[in-house]
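# Secondary and tertiary structure notes
Given next are the chains, with one letter for each unit.
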Amino acid sequence: MPSTTPTTGPTTPEHLAAGSPAWKAASHTKAHLGEGLRSAADLRDRYRVTTAGPALPDGSVQLPMNGAFNPGHEPTAPTPGSFALAPDVGGPLMFASPDTPGMPAPSTKTAWDFLPDDWSCEVLPASACTGATLRSWSPASGEAIFKDARGVIRRVTCPADFRPITQLESARLGIITPEMERVAQREPHLTSEQIRDEIAAGRMIIPANVHHLRHDLDPMCIGRASKTKVYANMGASPVSSSTDEEVEKLQWAEKWGGDTVMDLSTGGDLDACREAIIQNSTVPIGTVPIYSMIIGRRLEDLDRDIILHTVEHQARQGVDYMTIHAGVRPEHIPLVKQRLIGIVSRGGSLLAKWMLVHAKEGKPAENPMYDLWDDICRVLREHDVSFSIGDGLRPGGLADATDLAQLGELQTIGELTARAWRHGVQVMVEGPGHVPFDQIEFNAKLQRTLCHGAPFYVLGPLVTDVFPGYDHITSCIGATAIAYHGASMLCYVTPKEHLGLPKKGDVKEGCIAYKIAAHAADVALGIPGSRDWDDELTKARAALNWKKHFELAFDEDTARAYHDEDLDVDTDFCAMCGHDWCSVRISKEIQEFSSGKAEGFDRGKPVKSDALTDEQRAILEQRGYLKPEEIHKLAAKVKGKVEGTVDDEAGKAACHSDYVDADEAKQIQGEQLVQLNSLPAHGIASDDRVI
Ligand code: SF4
């Protein structure tokens, strides 16, 4: 029986910065789950709590358990597993929400059904599984016989002179690439065999251009079997920003958890900006090549040579995935006429205009990207660039959601997905946009059907249109829902959406909003280990261990600054409820409860918190609720005096709740804390008062 004790800590914010030393360290290795804990059976033993839902004490209501794992690692956790479906990694569902009645079923096809014409795949009987029968692929033989993670044995043949370039081609030949190995480290609930199998089925991609791999790219994956990813977009516009600023935003997005970054530059030196972003990124970089195609020329002049030359140039630069809006067809354009806001995708609107400009006999011309699809596939395959097939007709408002234009385009995208797979190119599919909350599940599950499980990445979606300035919130709500129901990656929305080009601070807010959405969905889906981090923070919170609490917080600086703004002492309550009303403190004192008593979380003595850092001071300055001199005192108060060192009477930052009797505590509580003036209780002279 494998060990069930993790040998390292949980995933923490610093680990979320892809490419950081912490990412590459042990927390995302096998050790995270315990040595040897890598088989599906191990995972089941470890995480499954029960598939029979417990009932209420009077037996009247049974919890709707559907067989999912408990997303936390404690095998004896008192909570039930997730209400999601039982995991089906290697099957069409992977981690999935139960279907509301009426939802489209998953496709019965996968990328295995769309091999190149000169390939074949045969499933062999289990009796074929002997050491002598299984055969690794070699260029000379053009054949591989291998067993996948679910025990299915495949014989795959390809032309004798074939050399795999893309991750999809390697996976089809049973090869586990170094990139798949790396992804398995970063997705500790999956094995490298499972990663390979998901890629072979087309349900997962590793966007890793062969040229970008020569720089600092740290391979990651996008797919329903893995954790939900966040995509940040940026890029200079004709009226704002520069290459240096965009590189700074890139690094900012990586710091705040962006798993991939899209360069959507439409102004400045696009080529230099793209080059700089690729060379400085550890995350995959995407582009929308049509932006570069029309810079310096009229849209009408866009032709075959310009399209293919631009795609090839960016592929050689190292772009990992490209958005190509090939799904907009002539028959879809009339369907847009009734919309409130027409076509809101830049690529979609540009191509629709091109099609109308080149119309013949009153009929729009064919989309040139659709016409050139097979040629574009050949270019992308050469460099292992993944498609992100653009939804050029995505809705731009709730009223236009799930209309025939959007769904018609999605059907074409399903066809394009299959054609790309035939070329060996990895595919993900872009989705809406603005969708009422009740339509989100349908959108996700229809994509699953029409695109045969190809990863879905969505822009939000916003669930209401009337909160400009807060669209990171309106969209984050939709993003959580669609990640639960079927999306693999969430394109962030910043507070500047619809209003202007995001600045560095907007990038941070967008990334954090979407990290929340992605993580919430992963927990709800029951992805093994996804709740470990939450459980660690809960233990720190229960123990009133503020230091650990902030260390575990995704944004430590903001959490610490907000806490110290009111009460700059780490003690057994905070300024929200105060001492007498602190339920966490009271719970901790009830001996029968385990609350606050987890091993390793004891907070020790109350201490005056350390001085605010520059970042924390800036957060309070921007917040604007304290005067500058008050913030200055918080930032300068006890530099050099940190927890564990403040033990003498003179420097002691004692809190009344730990050091005085109940009556005195009550008096202090009434006199000072209610006014948020806790300093006398901590032995701080009144002339040092900050509040
Ligand atoms: S005072 Fe209130 S908010 Fe603060 S730790 Fe106690 S219960 Fe939580």
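A brief report on the enclosed structure follows.

Rules behind the numbers
- Here the residue numbering is sequential within each chain, running from 1 through the sequence in written order.
- Confidence filtering applies because this is a predicted model: local features only for residues at pLDDT of at least 70, side-chain atom pairs given and counted only at 80 or more, and all residues used for totals across whole chains, interfaces and linings.
- Each residue receives a C-beta atom built from its backbone; the residue is near a molecule or strand if that atom lies within 6 Å of it.
- Note on residue classes: Ala, Val, Leu, Ile, Met, Phe, Trp, Tyr, Cys and Pro are nonpolar, Asp, Glu, Lys and Arg are charged, and everything else, Gly too, is polar.
- We call a residue exposed when 12 or fewer other C-beta atoms sit within 10 Å of its C-beta, buried when the count reaches 20 or more, and partly exposed for counts in between; the C-beta positions come from the backbone.
- The way it works is that DSSP assigns letters per residue, a run of H or I at least four long becomes a helix, a run of E at least two long becomes a strand, and they are numbered from the N terminus.
- Within this analysis, the arc is defined by the directions that extend from the helix axis to the C-beta atoms.
- Any two strands between which DSSP finds at least two bridges are classified as paired.
- Here the expected length of a helix is defined as 1.5 Å per residue gap, with one fewer gap than residues.
- All axes here are fitted lines through C-alpha atoms, helices being fitted over the stretch that makes contact, and every angle between N-to-C directions spans 0 to 180 degrees.
- Crossing handedness: left-handed means the near helix sits turned counterclockwise from the far one by under a right angle, and right-handed means the same turn made clockwise.
- It is the C-beta atoms, placed from the backbone, that decide contacts: two residues are in contact if theirs lie within 7 Å.

Here we come to the site of the ligand. Lining the immediate surroundings of the ligand are Phe-573, Cys-574, Met-576, Cys-577, Cys-582, Ser-583, Val-584 and Arg-585. Of the residues belonging to the shell around the ligand, the class tally is six nonpolar, one polar and one charged.

Regarding helix α22 (residues 614-623), the residues found buried are Gln-616, Arg-617, Ile-619 and Leu-620. For α22, the angular spread of the buried residues around the axis is 155 degrees, confining them to a single face. Away from its buried face, by an angle of more than 90 degrees, α22 presents the exposed residues Asp-614 and Gln-622. Remark: Gly-624 follows α22 within two positions and exhibits a positive phi of approximately 80 degrees.

The next thing to look at is the pairing of strand β6 (residues 229-234). Look at any regular strand and the pattern is simple: side chains alternate between the two faces of the sheet. When you tally the buried positions in β6, you get six out of six residues, the bulk of the element. The alternating pattern of β6 places Lys-229, Tyr-231 and Asn-233 and Val-230, Ala-232 and Met-234 on opposite faces, both of which are buried. The pairing of β6 with strand β13 (residues 489-491) spans three bridges and is classified as parallel. Note on β13: the bridge partner recorded for Tyr-231 is Cys-491. One ladder, built from four bridges, connects β6 with strand β7 (residues 260-263); its direction is parallel. Directly across from Tyr-231, in β7, lies its bridge partner Thr-260.

As a further point, take unusual backbone geometry. Of note, the bond from Pro-432 into Gly-433 is cis; its omega dihedral lies within 30 degrees of zero at -15 degrees. Following Gly-460, the chain continues to Pro-461 via a peptide bond in cis, the omega torsion being 5 degrees. Checked against the element boundaries, Pro-461 lands in the loop between β12 (456-459) and α16 (471-485). Even without being a glycine, His-498 presents a positive backbone phi close to 70 degrees. On the secondary structure map, His-498 appears in the loop between β13 and α17 (504-525).

The next thing to look at is α16. For α16, built from 15 residues, the straight-helix expectation of 21 Å at 1.5 Å per residue is met to within 8% by its first-to-last C-alpha distance of 21 Å. Summarising burial for α16: 13 of the 15 residues are buried, a large majority.

Tracing the sequence through the fold places Asp-602 in the loop between α21 (583-589) and β15 (607-608). For Asp-602, a count of 12 C-beta atoms within 10 Å gives the class exposed.

A word on the sheet that holds strand β3 (residues 153-157). Ordered in space as β1-β3-β2, the three strands form an open sheet in which the pairing is antiparallel. Because the sheet does not close on itself, it has two edges, and the strands there are β1 (120-124) and β2 (143-147). Strand-to-strand twist across the sheet, computed as the mean angle between neighbouring axes with direction ignored, equals 20 degrees. Of the strand pairs in this sheet, β2 and β3 are connected by five bridges, and their pairing is antiparallel.

Running from amino to carboxyl end, helix α5 (residues 178-186) crosses helix α6 (residues 192-200) at an angle of 115 degrees, the nearest separation of the two axes being 8 Å. Between α5 and α6 the crossing geometry is right-handed. Across the interface between the two elements, Met-180, Glu-181, Val-183 and Ala-184 from α5 touch Ser-192, Ile-195 and Arg-196 from α6. Across the contact of α5 with α6, the residue classes tally to four nonpolar, one polar and two charged.

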